[in-house]
Amino acid sequence: MDCSFISRDDLQRMFKKLDKNQDGLVTLHELHWILEKLGWPEHTPDELELIVGKQSLDIDEFLRFYNDAVLDSKGTKKNTDEAIARAFNVFDVNGDGYISAEELRDVLGRLGFEEEARAWDCGRMIRVHDKNLDGFVDFEEFKNMILHV
């Protein structure tokens, strides 16, 4: 399974955080909440039910949904570029065209990764993909990171 925008491990951690009652299932309302946080609010929970055909997803279904629906695996270049731009905009909190370590930390916190955001070196994560060494990740650097994971 590809899971390019967000690593499989991160998706599994996200699933565990969404699964509040620890029954191994994520409801469509919880799925809708995380999709909104990721910048994909196109579908209501009722529409999601029509898409997935059930009220909740287990971890494998969650990963498959992410891969199929969010990444648009059959996607054209235009759809891929649009999906990457939406993902970039989630992290570019102030809309200046750059992702800073602070913005990365903020988004990780909003996605429910507060502990990880404090523990991870967000500055190092930015530096790894900051090819022009300006201290930020711009859209092209982000796109390159996504397409070459």
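Below you will find a few notes about this structure.

About the cut-offs
- Each chain has its residues counted from 1, running along the sequence as written.
- Local features are withheld for residues below a pLDDT of 70 in this predicted model, meaning they are given only at 70 or higher, and side-chain atom pairs are given and counted only at 80 or more; totals for whole chains, interfaces and linings count all residues.
- Values reported for side chains reflect all heavy atoms of the structure, with hydrogen atoms and water molecules removed beforehand.
- Two rings belonging to Phe, Tyr or Trp (six-membered ring only in the last case) form a pair when the distance between their centres is within 6.5 Å. Interplanar angles under 30 degrees mark stacking, angles over 60 mark edge-to-face geometry, and anything in between is tilted.
- Runs of E in the DSSP output that reach at least two residues are strands. Runs of H or I that reach at least four are helices, and both are numbered from the N terminus.
- For each residue, the accessible area found with a 1.4 Å probe, counting protein chains only, is set against the maximum for its type, and the residue is called buried under 20%, exposed over 50%, and partly exposed in between.
- Note on definitions: angles span 0 to 180 degrees between N-to-C directions of axes, and those axes are lines fitted to C-alpha atoms, for helices only across the stretch in contact.
- Orientation categories follow fixed angle ranges, with anything under 35 degrees roughly parallel, anything over 145 roughly antiparallel, 65 to 115 roughly perpendicular, and all other angles oblique.
- Contacts between residues were defined by any pair of non-hydrogen atoms, one from each residue, lying within 4.5 Å.

As enumerated under the stated definition, the model contains five aromatic pairs in all. Taking 5.5 Å as the distance between ring centres and 70° as the angle between the ring planes, the aromatic pair formed by Phe-88 and Phe-142 counts as edge-to-face. On the criterion of sequence distance, the pair formed by Phe-88 in helix 5 (residues 77–91) and Phe-142 in helix 9 (residues 139–147) is long-range, its members being 54 residues apart. Owing to a relative accessible area of 3%, Phe-88 belongs among the buried residues under this scheme. Judged by relative accessible area, which is 6%, Phe-142 ranks as buried. Each member of the aromatic cluster is reached from another via a ring pair, and the members are Phe-88, Phe-91, Phe-139 and Phe-142.

Packing of helix 2 (residues 28–37) against helix 3 (residues 45–52) brings their axes to within 9 Å, and their N-to-C directions diverge by 110°. Judged by the inter-axis angle, helix 2 sits roughly perpendicular to helix 3. Two secondary-structure elements touch here, helix 2 through Leu-28, His-29, Leu-31, His-32 and Leu-35 and helix 3 through Pro-45, Leu-48, Glu-49 and Val-52.

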